[in-house]
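What follows is each chain in one-letter form.
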Amino acid sequence: MAIEEDFTEEVVRLYGYDNIPAKPPKALVAMLPQSEDKRRLADLRDVLAAREYQEVVNYSFVDEAWERDLGGSAVPIKLQNPIASNMSVMRTTLLGGLINTLIFNLNRKESRVRIFEAGRVFAGKGVEQQPYKIGGLAYGDATPEQWGVAARKVDFFDVKADVEILCGGIDLVFSPAKQTTFLHPGRSAHILVGGQVIGFIGELHPKLVQQYEFTQAPVLFELDSEAVLPS
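Only a predicted model underlies this, so the values are computations on that prediction, with no experimental measurement involved.

Trainee: How do you make sense of the overall build of the protein chain when you look at a structure like this?
Mentor: A count of helices and strands for the protein chain gives 7 helices and 9 strands. For 231 residues, the compact-globule estimate of 2.2 N^0.38 gives 17 Å, and the protein chain exceeds it by more than 25% at 24 Å. Considered along the principal axes of its C-alpha atoms, the protein chain spans approximately 80 × 45 × 40 Å. Expressed as a percentage of its 231 residues, the buried residues of the protein chain come to 37%.

So, in structure tokens, the structure goes:
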């Protein structure tokens, strides 16, 4: 016998397992108080659902090409034993999964797509940084087909309005994003709060629109959820 558990096991064995009464464990379970005026991640989901976005859940393992094309890390975190060749690295952005979901829907003749995802992304050599992000994508007509509204394609300002409503009363500043390789240089912006960049919004870059064979540019956004949810 090397440890205390070995001694306990021997005592129980000699006493007899059948002689020990079967009693369920008891514990005091109390609900923790939570302020109703504090926004939760579930509240953000409800806001986007009310804005006609549908939630999707994608793998945290993604194609390395997505990281290269969509503004992720140039040297992503590689898995030693990936479950598939197209799921070989950890994601540093939600965009790859959103665009892949868009492609899936377009291949099934869906012409109007509104999707969002809330989940962790992974940064740093040892995956020590795992920020929680919330991202969305809009594609197709701005509104469902109806006789009372003229048809038009969704644009930057439609999604900007969604982001402003998502962030509630937070004072957002939209600054032109001219140095991005995955967003349209003239139709994209960084989102700032208190001078700090918390995300971005914009149309997909024309070269990627052509690469993915889209008939129009999807409008994307991604935010740091901690910056949107006040502490």
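Trainee: Explanation requested: helix α5 (residues 156-166) in the structure shown.
Mentor: Within α5, burial applies to Phe-156, Val-159, Asp-162, Val-163 and Leu-166. Relative to the axis of α5, the buried residues are bounded by an arc of 125° and lie together on one face. Two or three places before Phe-157, at the opening of α5, Asp-155 has a side-chain oxygen 3.1 Å from that residue's backbone nitrogen. Directly beyond the C-terminal end of α5, a positive phi value near 65° is found at Gly-168.

Trainee: Is there a simple way to think about the environment of Tyr-59 in this case?
Mentor: Residue placement: Tyr-59 occurs in the loop between β1 (54-55) and β2 (61-62). For Tyr-59, a relative accessible area of 57% corresponds to the exposed category. In this structure, the C-alpha to C-alpha distance between Tyr-59 and Met-90, residues 31 residues apart in sequence, is 9.1 Å. Contacts of Tyr-59, omitting those with residues within four sequence positions, involve Met-87 and Arg-91.

Trainee: Help me understand the pattern of salt bridges, please; the structure alone is not making it clear to me.
Mentor: Pairs can form between side chains of opposite charge whenever their charged atoms are close. Applying the stated criterion to the full structure yields 12 salt bridges. Between Glu-64 and Lys-78 there is a salt bridge, with the nearest N and O atoms lying 3.9 Å from each other. Pair noted here: Glu-64 is in helix α3 (residues 64-69) and Lys-78 is in the loop between α3 and β3 (89-90), with a separation of 14 residues, a long-range link. Taking relative accessible area as the criterion, Glu-64 reaches 29% and is therefore assigned partly exposed. Across the pair Arg-152 and Asp-158 runs a salt bridge whose closest N-O atoms are separated by 2.9 Å. The class for Arg-152 is partly exposed, based on a relative accessible area of 42%. Among the charged side chains, a salt-bridge network with shared partners connects Arg-152, Asp-155 and Asp-158.

Trainee: I would appreciate a short explanation of unusual backbone geometry in the present structure.
Mentor: Leaving glycine out, the prevailing phi sign among residues is negative, and the prevailing peptide bond configuration is trans. With phi around 80°, Glu-52 is a residue other than glycine that occupies positive phi space. Relative to the helices and strands, Glu-52 is located in the loop between α2 (41-50) and β1. Glu-52 sits in the partly exposed class, given a relative accessible area of 42%.

What counts and what doesn't
Residues numbered from 1 in each chain as written. Predicted model: local features only at pLDDT ≥ 70, side-chain atom pairs only at ≥ 80, totals over all residues. Heavy atoms only, no water. Helix = DSSP H or I, 4+ residues; strand = E, 2+ residues; numbered from the N terminus. Rg over C-alpha atoms; globule rule 2.2 N^0.38 Å. Buried < 20%, exposed > 50% of the residue type's maximum accessible area, 1.4 Å probe, protein only. Arc of directions from axis to C-beta. Polar contact = N/O pair within 3.5 Å; in protein donor to acceptor, adjacent residues only side chain to side chain. Contact = heavy atoms within 4.5 Å. Salt bridge = Lys/Arg side-chain N within 4 Å of Asp/Glu carboxyl O.

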